[in-house]
Amino acid sequence: MGVRLTFEITFSSDFHIGAGYGDGAAADSSLYRDGDGTAAVPGTVLAGLLRDAFYRLLNETALKSVFEPKCKASGSFLSDAPAYCGAGGTEPEGGEPCPVCRILGSPASPKRWRIGSARPADAPVPVDGYSRPPLDSRSVFRCRVDPEFRRVEAGKLYSAEEGSGDLSFVFRASCDDDGNHVEDEAALLTAAARFVREMGRSRRRGGGECLLRLIEAEGLSLKPGENETIQDKLLERFRDSWLSAKLSDPVSDEESPRLQAKPKLVSRKVPEGKERLVFLAILRLDEPLLIAERAVAGNQFQGGEMVPGTTIRGALGWKAIANMRDRYDDFLSLFLRGATRFHPFYPAVKQGRWLFPTIPAPMDMAVCKTEPRRERTAGCGFFPLALEDQPLLHCPECAKSGYESHLEPAGGFVPVGSACSRFTVVPSKRSELHIRIHPKTGAVNEGDLYGYTLLEAGQYMAGALEFSDENAWKAFQDATGMEEKVPFPLRLGKANRRGRGKCLLWVERVVANPLCPFPLEKRVADPGKPVSLLFLTDAVIRDPWGRFAEGIEAPWLERELGLGPVKILGDDRAFCSSGFVNGFNAAPGAGLPRWRDRAIRAGSVAGIVLENPPDDVLARMVRLESEGIGLRKSEGFGRIAFNHAVYGCGPDDRKAGRFELDPAMDKPDAPRDENPFVSSRGFESQWMFEMLDKLNANRSALRDPRFEGLARWLNASAKLSPDEILSEMESFGVPSPRLKETLGGSKEYGDRDKDNFFKTDGKKGVQALRDLLERLKRFPEKHHPRGVQLSAAQLSQMIRKE
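Structural notes, computed from the coordinates. Only a predicted model underlies this, so the values are computations on that prediction, with no experimental measurement involved. (Residues numbered from 1 in each chain as written. Predicted model: local features only at pLDDT ≥ 70, side-chain atom pairs only at ≥ 80, totals over all residues. Heavy atoms only, no water.)

What about the packing of aromatic side chains?
Keep this limit in mind: Two aromatic rings, drawn from Phe, Tyr or Trp (for Trp, its six-membered ring), form a pair once their centres lie within 6.5 Å of each other, and the interplanar angle then sorts them: stacked below 30 degrees, edge-to-face above 60, tilted otherwise. Only DSSP runs of H or I with at least four residues qualify as helices, and only runs of E with at least two residues qualify as strands; both kinds are numbered from the N terminus onward. Each residue's exposure class comes from its accessible area (1.4 Å probe, protein chains only) as a fraction of the maximum for that residue type: buried when under 20%, exposed when over 50%, partly exposed otherwise. In this analysis the charged atom, NZ for Lys or CZ for Arg, is taken to sit over a ring once it is within 6 Å of the ring centre and within 35 degrees of the ring normal.
If you walk through the whole model with that rule in mind, you get 16 aromatic pairs. Ring centres 5.8 Å apart and planes at 40° place the aromatic pair Phe 335 and Phe 476 in the tilted group. In this pair, Phe 335 is assigned in helix α7 (residues 328-335) and Phe 476 in helix α9 (residues 470-480), connecting sequence segments 141 residues apart. Aromatic pair Trp 687 and Phe 779: ring centres 5.8 Å apart, planes at 80°, arrangement edge-to-face. One end of the pair, Trp 687, is in helix α13 (residues 680-697); the other, Phe 779, is in the loop between α18 (763-776) and α19 (784-801), with 92 residues separating them in the sequence. Taken individually, Trp 687 and Phe 779 each receive the classification buried, so the pair is uniform in this respect. Sitting over the face of the ring of Phe 580, Arg 598 holds its NZ or CZ atom 4.6 Å from the ring centroid.

Examining the side chain of Asp 34
For clarity, the threshold we go by: We define a polar contact as two N or O atoms separated by no more than 3.5 Å, with the added condition that, inside protein, one atom must be a possible hydrogen donor and the other a possible acceptor, whereas residues neighbouring each other in sequence contribute only through side-chain atom pairs. Residues are treated as being in contact if the distance between any of their heavy atoms lies within 4.5 Å.
The residue Asp 34 is located in the loop between β1 (3-11) and α1 (43-57) in this model. Looking at Asp 34, its side chain comes within polar contact range of the side chain of Arg 119, at 2.6 Å. Each residue touching Asp 34, except ones within four places of it in the same chain, is listed here: Ala 40, Arg 119, Pro 126, Arg 430 and Glu 456.

Here's the deal with the packing of helix α4 (residues 180-195) against helix α5 (residues 230-241)
Here is the rule we go by: Lines are fitted to the C-alpha atoms to define the axes, a helix being fitted only along its stretch in contact, and any angle between axes, read from their N-to-C directions, falls within 0 to 180 degrees. Here roughly perpendicular refers to angles of 65 to 115 degrees, roughly parallel to angles under 35, roughly antiparallel to angles over 145, and oblique to all remaining angles. As a working rule, the residues Ala, Val, Leu, Ile, Met, Phe, Trp, Tyr, Cys and Pro are called nonpolar, Asp, Glu, Lys and Arg charged, and the rest polar, with Gly in that last group.
Closest axis-to-axis distance for the α4/α5 pair is 8 Å, and the angle between their directions is 105°. Considered as vectors, α4 and α5 are oriented roughly perpendicular to each other. Contact residues: Asn 180, Glu 183, Asp 184, Ala 186, Ala 187, Leu 188, Thr 190, Ala 191 and Arg 194 in α4; Gln 231, Leu 234, Leu 235, Arg 237, Phe 238 and Ser 241 in α5. Across the contact of α4 with α5, the residue classes break down as seven nonpolar, four polar and four charged.

Quick notes on the nonpolar core
For the record, the criterion: Buried Ala, Val, Leu, Ile, Met, Phe, Trp, Tyr and Cys residues form a nonpolar core when they are joined through side-chain atoms within 4.5 Å.
The biggest cluster of nonpolar side chains holds 56 residues, and the ones touching the most others in it are Leu 5, Ile 9, Trp 113, Phe 169 and Met 199. Taken together, the elements giving at least two residues each to this core come down to β1, α1, α3 (99-103), β2 (113-115), β6 (168-175), α4, β7 (210-218) and α5. Counting residues per element, this core draws most heavily on α4, which supplies eight residues. When residues no more than four places from it in sequence are discounted, the contact partners of Leu 5 are Trp 113, Phe 171, Arg 172, Ala 173, Ala 186, Leu 189, Thr 190, Leu 214, Glu 216, Ala 217, Leu 220 and Leu 234. Counting residues in hydrophobic clusters, the runner-up holds 35 residues, among them Ile 291, Leu 465, Trp 473 and Ala 475.

As for the pairing of strand β5 (residues 152-163)
What counts here: Any two strands with at least two DSSP-identified bridges between them are counted as paired.
Two elements, strand β4 (residues 137-145) and β5, share eight bridges in a ladder whose sense is antiparallel. What sits directly across from Arg 142, in β5, is Tyr 158.

Looking at empty space enclosed by the protein
Selection criterion: In the cavity and pocket records, a cavity denotes points on a 1 Å grid over the protein atoms alone where a 1.4 Å probe fits but cannot get out, a pocket denotes an open set with protein on both sides within 12 Å along at least 5 of 7 lines, and lining residues are residues with an atom within 4 Å of a point. Grid points are joined across faces, edges and corners, and a volume is the space filled by probe spheres set on the points.
Inspection of the entire model under this criterion finds two cavities of 30 Å³ or more. A volume near 40 Å³ is recorded for the largest cavity. Along its surface, the largest cavity is lined by Leu 714, Leu 769, Leu 772, Leu 773, Ser 791, Ala 792 and Leu 795. Elements that contribute at least two residues to the lining of the largest cavity include exactly α18 and α19.

What about helix α11 (residues 554-561)?
Just so we agree on the cut-off: Arc definition: directions from the helix axis to the C-beta atoms.
Those residues of α11 not exposed but buried are Trp 556, Leu 557 and Leu 561. Buried residues along α11 cover an arc of 120° about the axis, so they all sit on one side. In this structure, the buried side of α11 is in contact with β23 (531-535), β24 (566-568), β27 (596-600), β28 (605-610), α12 (617-627) and β29 (640-642). Gly 562 lies just past α11 and shows a positive phi near 70°.

Looking at the pairing of strand β14 (residues 365-368)
Judged by which residues are buried, β14 turns out to be covered on both faces: Met 365 and Val 367 on one side and Ala 366 and Cys 368 on the other are all buried. Of the pairings in the sheet, the one linking β14 to strand β15 (residues 382-384) comprises three bridges and is antiparallel in character. Paired with Val 367 across the two strands is Phe 382, which belongs to β15. One ladder, built from three bridges, connects β14 with strand β16 (residues 407-409); its direction is antiparallel. Opposite Cys 368, over in β16, you have Leu 407 as the bridge partner.

A few points about the pattern of salt bridges
The test is simple: Should a side-chain nitrogen of Lys or Arg be within 4 Å of a carboxyl oxygen of Asp or Glu, the pair is scored as a salt bridge.
Going through the model one piece at a time under the given rule, you end up with 39 salt bridges. Between Asp 666 and Lys 350 there is a salt bridge, and its shortest N-O distance comes to 3.4 Å. Here Asp 666, found in the loop between β30 (659-660) and α13, pairs with Lys 350, found in strand β12 (residues 346-351); they are 316 residues apart in sequence, far enough to count as distant. A relative accessible area of 23% means that Asp 666 is categorised as partly exposed. A salt bridge links Glu 456 to Arg 430, with the shortest nitrogen-to-oxygen separation between them at 3.2 Å. Here the residue Glu 456 occupies a position in the loop between β19 (444-455) and β20 (460-467), and Arg 430 occupies one in strand β18 (residues 429-437), the gap between them amounting to 26 residues. A single burial state applies to Glu 456 and to Arg 430, both of which are buried. Each of Asp 34, Arg 119, Arg 430 and Glu 456 takes part in salt bridges that share partners, so that together they form one network.

Quick notes on the environment of His 394
Here His 394 shows up in the loop between β15 and α8 (396-400). For His 394, a relative accessible area of 29% puts it in the partly exposed group. As a C-alpha pair, His 394 and Cys 368 span 26 residues in sequence and 7.8 Å in three-dimensional space. Beyond its immediate chain neighbours, meaning those up to four positions away, His 394 contacts Glu 404, Ser 405, His 406 and Leu 407. At 3.4 Å, the side chain of His 394 forms a polar contact with the side chain of Glu 404.

Here we look at the sheet that holds β15
Taken in spatial order, the three strands of this open sheet run β15-β14-β16, and their pairing is antiparallel. The sheet is open, and its two edges are formed by β15 and β16, each paired on a single side. Ignoring strand direction, the axes of neighbouring strands in this sheet form an average angle of 40°.

Notes on helix α15 (residues 722-729)
Here α15 has its buried residues at Pro 722, Ile 725, Leu 726 and Met 729. Viewed end-on, α15 has its buried residues packed into an arc of 100°, placing them on one side of the element. Its buried side turned inward, α15 meets α14 (707-716), α18 and α19.

What follows is the structure, given as structure tokens:
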């Protein structure tokens, strides 16, 4: 259900869409790229371009005669016109917002159409190890000229990375509704896309010339004829509907077919059962994700390193509410009263076809400051401190070598299995800067610069969903349309309608909580001995007077655990931090304050001793791990574990804690190559080995300075195929016949030919280069230009050293 339009962007000149930062000495302003290094056009840029195209299109004479702009966003020049429809809480004129505010949204209403980011057609989603197309950019240098003296200003030389003008991209615009009014909007959106002719920096000076073309449409009743395209059909609809003012009436929420879709079970009471169903939930990030925790300063928004359970609950609740308007009690039971529990999603480690969930590193988990254990580094190891009899301040491994090194917190996340928790991981993040363009002047408004810190696309997150019983799970399926072991599209976080927050969710039934894979009886052999109490998620704990717990203390532990008297091992065996959990009220114009709870942070841990445990202590501990402690447990708060596997407790099972990734979630549309050197890094390392082997073996034959000219020619000819380069090398060093004719033919040219160095003394060196190019042909074609560049650079460097 719904409409999806696919557009292609083709450039006719080099373009620059800045990433907001530089790349050291290579460029002062880098080209915007996704996490896999592929050049992309963010959805925020495309949404801004389409908004500008709407503004100009609606002010054209042909449209202005039948359509009167209602707000300044759609082109109204009246002094009393609002900035956008619904500004200040007022109703739009005529009851309906203008097309710009309806299609692309405004502060008063969300946009109806989602605008995705544009990526190369052969790389629809970011993929680990995917190598970006070679020679897709170049660095250009510019300077600033003083407007008064017409001279270059001192210190104003800068470089920018520009994308190649022969690149093409694909992006999608989608709307969840359908009907005639949506087809009218699709026609207007197509016309606005055709109105875009340039994008990026220097677009008024020849840069970023482009063309947007509709290549595919889904969910439309329009069918193109034999010699027509879907773009022709929608532009014809634009002429008949918009230019003739024969628009279809918008459908209200009550009349929308999407909202009238009846669930399979119209009315079902969701009971609370004793045994809960546990589902492993995997989230694949197809676009950068921003879950804003707080504003660091001004307009700078800081994103976290995980996806909270409240975010997942809100996204799935938004999908469910359309199908549960006549089942309010069931909706409350599913999303607010504990029938469903939404755990937080932490980064997951992907190794081949296996996925390893992680948890926040325990705060007592220390590593050596000199030789820390991180991903891909051995280090001295992990040192859990909560159960140590004596405080451990220095690395014991370094002490064996006779020198002193302090310990520091491990930080990051650790895989949950005992056999693989030998490193920490930190999710990839990116920083972005955004500006606001004034629609009239086309310039940036002063002070309208803001920044994001996002989770990079192409990563996996893993968490869990729990249901009270089978009935709750079936009711949840009816409401959301989710199915087990079937990818489920989801939009999360901020800016999810303009190229951010697109995810794919996978749920799979499991026996135990995926964040704690081993049964309790295999981790706690004797409850009377000291055990570690680890907080897997944040926990909101309040006493009878409403005060929040800010540390791990025995009084509230005894009350919450119900395991009898509890003793914390020493004053320094509790490693804990706390912070605020912020929320907001989304009701427009409500003016309600933002609520705030104080929570004990995930990763807090304490070594405890149960001084007088009850007889059924193991059964109670199992229930505590299953149910959690504190408040807001349905949102994923309060999950704990005793003697977690990251402390080496439980069997040494290397298969525990890992899950096989289904091919449907393993990015099947990603470009594949049978050659083992698919990634650019793998190719470059192998090619450098083979190239140096060949060049060093022929060093004496390539030492002549005249080969440097050949190296420069190779670098300039990198875009040619190896066969074309080999063909042109045949005539290297021979005067051009066209040059002879320009000088007057053979009679006027005379006998000026000399012995061709590349056919005589340099013949052996040329043959070595030809053999090197023959070797390059064995690698994938996409790596050939980079191989030629590396060969030319190494040849030039070798000659200069000689």
